[in-house]
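Below, each chain spelled out in residue letters.
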Amino acid sequence: MNVMWITNVPLPNIAEKIGISNQPLGGWLVGYIEQLKKIDGISLSYAFPNSLRVDGTVDSISFFSFDPSSKDVVDQFVKIIEKCTPDVIHIFGTEFIHSYFAVQACRQLCMMNQTVISIQGLVSVYAKHYYAFLPEQVIRNWTFRDIFKWDNLIQAKKKFEKRGIYEKKTLSFASNVIGRTDWDEACTLQINPNLKYFKCNESLRSSFYNHHWKLEECEKHSIFVSQASYPIKGFHLMLEAFAIIKKKYPDVKLYTTGSDLVNSHQTFCIRDGSYTKYLKKLIKLYGLSDSVFFLGMLDENQMCERYLKSNIFVSCSSIENSPNSVGEAMLLGVPIICSDVGGVRNIFTDRSDGYIYPADEPYMIAHYVDRLFSDEEKMKTFSQNARSHAKKTHDRTKNIEDLLNIYNVICQDKRC
């Protein structure tokens, strides 16, 4: 069986071969690829966006790049597909416009029934949650950077909505999708009721299968939030909760990734967007400057280490499908507090794996943090339960078997 993947990022070994920087993204793809390579009768080709339009072979995988900004991108896809002669075309994600162009190429080649799309996030739905309970004055604010780039929060939401238009078109033409939660099943079938929906859980990055959290080795009274870059991730809500937590636990520390907003040089403030400016305002308002730490961009091993050092992991997003960050924390056994959004309840059980709270009630984060900080046995119980649960959800052997079964079903459908 010839399988062709179309993704958002190159694999690390491909990035190295063509001489581009390898961003710590898509690491979970590597595990899938390594498993598929070991299966007799499977040959792989891999396509990803890159304006250089390179192609080649690395570790027995044929790779091709396409330029998503080019006017002939559909023709590029047609030529790549014709070179690969795939039995199955697997498109990962609908968030970017190249997925729409890839589907147009598949339609031209009469291969839609041999094409399957994995649902990651859904920007057409995420756009509705973009403001994430922000105050109206923050939403409508403009900074110097926002004016220069014409990109305040309202414009950022509009960009999601524009991408969402192509996402809906992509799904309206699709025959097959792979999802993993009630949320993505509901959303995709409401866009296109004629879709054939397959269920397949995700496998995660390798490091998270090889370690486990221990209460005795973590930093006491520390909290980790994996992202803070834009409103959907809810870091402004976490800061509200953190201000409450700090009153009872003065030594508490909050860690997240991204650029340092506490110690950034004054001359760089003109680069701040409205959301960054608001986060800085909250940190100053609540007197949190000595307790909030930004760690920059972390690779897979650094992320794993940060989870293991943390006393509690919090997912405070306004919308998610099944967040990989929660899955990774569960695999490691880090005690978790998670907002009740999207497909979270398909991977995480309230009061067994950790605590779930309403996304617009940050004071409940503070309440559950206090419960965990004051009850070490509860933390250990949640840790054990979450690990056991995640090992089933993210079982690599089971998930690759399910994926191969899906491939076998769709590659036999030769209708146009």
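Report follows, based on the coordinates.

Observations regarding the overall build of the protein
(1) Moving on: Counting its secondary structure elements, the protein contains 16 helices and 14 strands.
(2) Moving on: For 416 residues, the compact-globule formula gives about 22 Å, and the C-alpha radius of gyration of the protein, at 22 Å, lands near that figure.
(3) Moving on: Each principal axis of the C-alpha distribution contributes one length, and for the protein these read about 65 × 50 × 45 Å.
(4) Moving on: In the protein, buried positions account for 56% of the 416 residues.

With respect to the pairing of strand β4 (residues 61-66)
(1) Moving on: In terms of residue burial, β4 counts as a mostly covered element, since 5 of its 6 residues are buried.
(2) Moving on: Taken together, the 5 bridges between strand β2 (residues 43-49) and β4 define a ladder with parallel strand orientation. Counted as the bridge partner of Tyr46 is Phe63 from β4.
(3) Moving on: In the sheet, strand β3 (residues 55-58) pairs with β4 via 4 bridges, with the strands oriented antiparallel. Note on β4: the bridge partner recorded for Val58 is Ile61.
(4) Moving on: Linking two consecutive strands that pair antiparallel, namely β3 and β4, is a turn of 2 residues; a positive phi of about 50° is found at Asp59 within it.

Let's talk about the pattern of salt bridges
(1) Moving on: Following the criterion strictly, the structure yields 20 salt bridges and no others.
(2) Moving on: The closest approach of N and O atoms between Lys37 and Glu34, which form a salt bridge, is 3.5 Å. With Lys37 and Glu34 both in helix α2 (residues 27-37) and 3 residues apart, this pair spans about one turn of that helix.
(3) Moving on: Where Glu136 meets Arg140, a salt bridge forms, and the shortest distance between an N and an O atom there is 2.7 Å.
(4) Moving on: Residue Glu136 is classed as partly exposed on the basis of its relative accessible area of 46%.
(5) Moving on: Connected through salt bridges with shared partners, the residues Arg145, Asp146, Asp151 and Lys159 form a single ionic network.

Thoughts on the nonpolar core
(1) Moving on: Counting residues in each nonpolar core, the largest one holds 110 residues, and the members touching the most others are Ile223, Phe235 and Met238.
(2) Moving on: Grouped together as the second largest cluster of nonpolar side chains are 30 residues, Leu44, Phe63, Ile406 and Cys411 included.

As for the packing of aromatic side chains
(1) Moving on: Overall, the coordinates contain 24 aromatic pairs when judged by the stated rule.
(2) Moving on: Measuring from ring centre to ring centre gives 5.1 Å for Tyr249 and Phe373, while their planes differ by 75°; the resulting arrangement is edge-to-face. Of this pair, Tyr249 sits in the loop between α10 (235-248) and β10 (253-256) while Phe373 sits in helix α14 (residues 362-373), and the two are 124 residues apart along the sequence.
(3) Moving on: Judged by relative accessible area, Phe373 falls into the buried class, the value being 9%.
(4) Moving on: By way of ring pairs, the aromatic residues Trp5, Tyr32, Tyr46, Phe48, Phe63 and Phe92 are connected into one cluster.
(5) Moving on: In this arrangement the basic side chain of Lys169 is found over the ring face of Tyr166, its NZ or CZ atom lying 5.1 Å from the centre.
(6) Moving on: Its guanidinium or amino end placed over the ring of Tyr255, Arg306 lies 3.9 Å from that ring's centre, counting from NZ or CZ.

Section: the side chain of Glu328
(1) Moving on: One can find Glu328 in helix α13 (residues 324-332).
(2) Moving on: Residue contacts for Glu328: discarding those within four places in its chain leaves Leu204, Arg205, Phe208 and Tyr307.

Looking at the sheet that holds β3
(1) Moving on: Strand order in the open sheet formed by 8 strands is β3-β4-β2-β1-β5-β6-β7-β8, and the pairing between neighbours is mixed. Only two strands of the sheet have a single partner each, and these edge strands are β3 and β8 (196-199). Strand-to-strand, the axes of this sheet are offset by a mean angle of 25°, without reference to chain direction.
(2) Moving on: On top of the sheet, helix α3 (residues 73-84) reaches β1 (2-6), β2, β4 and β5 (88-92); it is set at about 170° to β4, its chief contact.

Describing a nonpolar patch on the surface
(1) Moving on: On the surface, a cluster of nonpolar side chains totalling about 350 Å² of accessible area is made up of Trp142, Ile147 and Trp150.
(2) Moving on: With respect to the helices and strands, the residue Trp150 is situated in the loop between α7 (144-149) and α8 (153-173).
(3) Moving on: Note on Trp150: relative accessible area 52%, which makes it exposed.

Here's the deal with the packing of α10 against α14
(1) Moving on: In the contact formed by α10 and α14, the axes pass within 8 Å of each other and the chain directions differ by 45°. In terms of their interaxial angle, α10 and α14 are classed as oblique. The hand of the α10/α14 crossing is right-handed. Taking contact as the criterion, the partners of Leu237, Met238, Glu240, Ala241, Ile244, Ile245 and Lys248 in α10 are, on α14, Pro362, Tyr363, Ile365, Ala366, Val369, Asp370 and Phe373.
(2) Moving on: Taken together, the residues that form the contact of α10 with α14 break down as 11 nonpolar, no polar and 3 charged.

Let's talk about α10
(1) Moving on: Over its 14 residues, α10 runs 20 Å from end to end, which matches the ideal 20 Å to within 8%, given 1.5 Å per residue.
(2) Moving on: Turning to α10, its buried residues are Phe235, His236, Leu237, Met238, Leu239, Ala241, Phe242, Ala243, Ile245 and Lys246.
(3) Moving on: For α10, the elements touching its buried residues are β9 (222-225), β10, α11 (274-285), β11 (292-294), β12 (312-315) and α14.

Considering helix α16 (residues 396-411)
(1) Moving on: Compared with an ideal rise of 1.5 Å per residue, which puts 16 residues at 22 Å, α16 spans 22 Å between its outermost C-alpha atoms and is within 8% of the ideal.
(2) Moving on: Every buried residue of α16 is listed here: Asn399, Ile400, Asp402, Leu403, Leu404, Ile406, Tyr407, Ile410 and Cys411.
(3) Moving on: Of the residues flanking the start of α16, the one acting as N-cap is Asp395, its side-chain oxygen 3.0 Å from the backbone nitrogen of Thr397.

Looking at the environment of Tyr130
(1) Moving on: Note that Tyr130 resides in the loop between α5 (123-126) and α6 (136-139).
(2) Moving on: The contacts of Tyr130, once residues within four sequence positions are left out, are Leu153, Ala156, Lys157, Phe160, Tyr230, Pro231 and Ile232.

How each quantity is defined
- Residue positions within a chain follow its written sequence, with the count starting from 1.
- The model is predicted, so local features are restricted to residues of pLDDT at least 70 and side-chain atom pairs to those at 80 or more, both for listing and for counting; the totals for chains, interfaces and linings are taken over all residues.
- Only hydrogens and water are set aside; all other atoms, that is, all heavy atoms of the structure, feed into the side-chain values.
- The secondary structure listing takes helices from DSSP runs of H or I that are at least 4 residues long and strands from runs of E that are at least 2 residues long, numbered from the N terminus.
- Here the radius of gyration uses the C-alpha set of atoms, whereas the globule reference equals 2.2 Å times the residue count to the power 0.38.
- Exposed residues in this analysis have more than 50% of their type's maximum accessible area, buried residues have under 20%, and partly exposed residues fall in between, with area computed by a 1.4 Å probe over protein chains only.
- In this scheme, strands are said to pair when DSSP sees at least two bridges between them.
- We define a salt bridge as a contact between a side-chain nitrogen of Lys or Arg and a carboxyl oxygen of Asp or Glu at a distance within 4 Å.
- Take the buried Ala, Val, Leu, Ile, Met, Phe, Trp, Tyr and Cys residues and link them wherever side-chain atoms come within 4.5 Å; each set so joined is a nonpolar core.
- When the centres of two rings from Phe, Tyr and Trp lie within 6.5 Å, Trp using its six-membered ring, the rings pair. Their planes under 30 degrees apart give stacked, over 60 give edge-to-face, and anything left gives tilted.
- Throughout this description, the term charge over a ring refers to an Arg CZ or Lys NZ atom that lies within 6 Å of the ring centre and within 35 degrees of the ring normal.
- Note on contacts: a residue pair qualifies if any of its non-hydrogen atoms lie within 4.5 Å across the two residues.
- Note on geometry: axes are lines fitted to C-alpha atoms, helical ones only across the stretch in contact, with angles between N-to-C directions running from 0 to 180 degrees.
- Each patch is assembled from residues with relative accessible area greater than 30% and no salt bridge, linking like charges that lie within 9 Å and nonpolar side chains (Val, Leu, Ile, Met, Phe, Trp, Tyr) that lie within 5 Å.
- Using the Shrake-Rupley algorithm and a 1.4 Å probe, accessible areas are obtained, with residue cover drawn only from the displayed protein chains.
- Oblique is the label for every angle not falling under 35 degrees (roughly parallel), over 145 degrees (roughly antiparallel), or within 65 to 115 degrees (roughly perpendicular).
- With the far helix as reference, a near helix turned anticlockwise by less than a right angle produces a left-handed crossing, and one turned clockwise produces a right-handed crossing.
- Polar here means any residue outside two lists: the nonpolar Ala, Val, Leu, Ile, Met, Phe, Trp, Tyr, Cys and Pro, and the charged Asp, Glu, Lys and Arg; Gly therefore counts as polar.
- Each residue after the first adds 1.5 Å to the expected span of a helix.
- Polar contact criterion, stated in full: a pair of N or O atoms within 3.5 Å, where within protein one must be able to donate a hydrogen and the other to accept it, and residues adjacent in sequence count only if both atoms are side-chain atoms.

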